[in-house]
Amino acid sequence: MTSDAIVVEHLRVQRGGREVLPDLSLRVPRGQVVGLLGPSGGGKSTLMRSVVGVQVVAGGSVTVLGEPAGSPALRARVGYLTQAASVYADLTVRDNVRYFARVLGVGADAADRAIAAVDLTDHAGARVENLSGGQLSRAGLACTLVGDPEVLVLDEPTVGLDPVLRRDLWEIFRGLAADGRTLLVSSHVMDEAVRCDRLVLLRAGRVLSDSTLPDLLSRTGTDDAEAAFLALVDEDAAHDGGAA
Ligand SMILES: Nc1ncnc2c1ncn2[C@@H]1O[C@H](COP(=O)(O)OP(=O)(O)OP(=O)(O)O)[C@@H](O)[C@H]1O
């Protein structure tokens, strides 16, 4: 069995008549937290959609836990948190998570475990519309966790949250990885790079870098992920200029 949870080979995706992922290859090792970083429009969401099998692809392959992305066998094994709110505002946290539990054919006890995993047990009876931003994020995450997935694909889960709430969520992510899960987490907050085992920097549909943060910093001679990213963008532009 491969040690990679996700294997993307020569993926090509077109959206709106444009090639947004021209030829993308990537491996996500099992049990790691891999950060997908880069500017808006770089293709992070498109790549994640391809990994969970909801994106029409023009070529290449995406394999998750040894199965083609989106295959029925992966339904409960892969959890996906989208940028759009995935919870019903007029239901309680518990009813939302139990709804997802029913969809996946797991019991109410699985819903309670997922709520506990995100530390929302005390708010399980609260209607979602009355939650704070951080609680709302955790409620969405609980829905994603209810099938006890081995792979979690989280699209900008910390967007709009203050630094304390972001840190709390990252502690949950690290705990999920410590339990053996694989997490692919997108963000455009570069300082979240320090929380990840590996970083994939994506720009204009291309992988500019795929390494650990220390390797990235030493390769670029920089002190933080943001400076490293800017150095890579400059290097890339110089390379394009040279090739022209
Ligand atoms: N529904 C769509 N129809 C057509 N083009 C789209 C659609 N969604 C995204 N795109 C285009 O695909 C490219 C990649 O977008 P994508 O959402 O994957 O980037 P992203 O890195 O996730 O950005 P963000 O950080 O803003 O979410 C962009 O050029 C975008 O304009």
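From a predicted model like this one, the values you see are computed outputs, not experimental measurements.

(A) Expanded view of the UniProt feature "domain: ABC transporter" (unreviewed entry) in the chain. The UniProt feature table records "domain: ABC transporter" (unreviewed entry) at residues 6–229. The distance from the first to the last C-alpha atom of residues 6–229 is 23 Å, and the span holds 33% helix and 27% strand.

(B) Seen up close, the packing of helix H2 (residues 93–104) against helix H3 (residues 108–117). Viewed as axis vectors pointing N to C, H2 and H3 meet at an angle of 125°, and their least axial separation amounts to 8 Å. Between H2 and H3, the angle is such that the two are oblique. Our pair here, H2 against H3, has a crossing hand that is right-handed. Of the residues in H3, those in contact with Val93, Arg94, Val97, Arg98 and Ala101 of H2 are Ala108, Ala110, Ala111, Ala114 and Ile115. In the contact of H2 with H3, the residues fall into eight nonpolar, no polar and two charged.

(C) Local environment of the confidence of the model for the chain. Within the chain, residue pLDDT values average 91, and 97% of them lie at 70 or more. Across the chain, strand S4 (residues 59–64) holds the top mean pLDDT of 98, while helix H7 (residues 225–243) sits lowest at 80. If you check the scores for this complex, the pTM reads 0.92 and the ipTM reads 0.95.

Here is what the cut-offs are and how they apply
- Residues numbered from 1 in each chain as written.
- Predicted model: local features only at pLDDT ≥ 70, side-chain atom pairs only at ≥ 80, totals over all residues.
- UniProt positions renumbered as here; feature names shortened; annotations may be inferred.
- Helix = DSSP H or I, 4+ residues; strand = E, 2+ residues; numbered from the N terminus.
- Axes fitted to C-alpha atoms, helices over the stretch in contact; angles between N-to-C directions.
- Parallel < 35°, antiparallel > 145°, perpendicular 65-115°, else oblique.
- Left-handed = near helix turned anticlockwise from the far one by under 90°.
- Contact = placed C-beta atoms within 7 Å.
- Nonpolar A, V, L, I, M, F, W, Y, C, P; charged D, E, K, R; others polar.
- pLDDT = per-residue confidence, 0-100.

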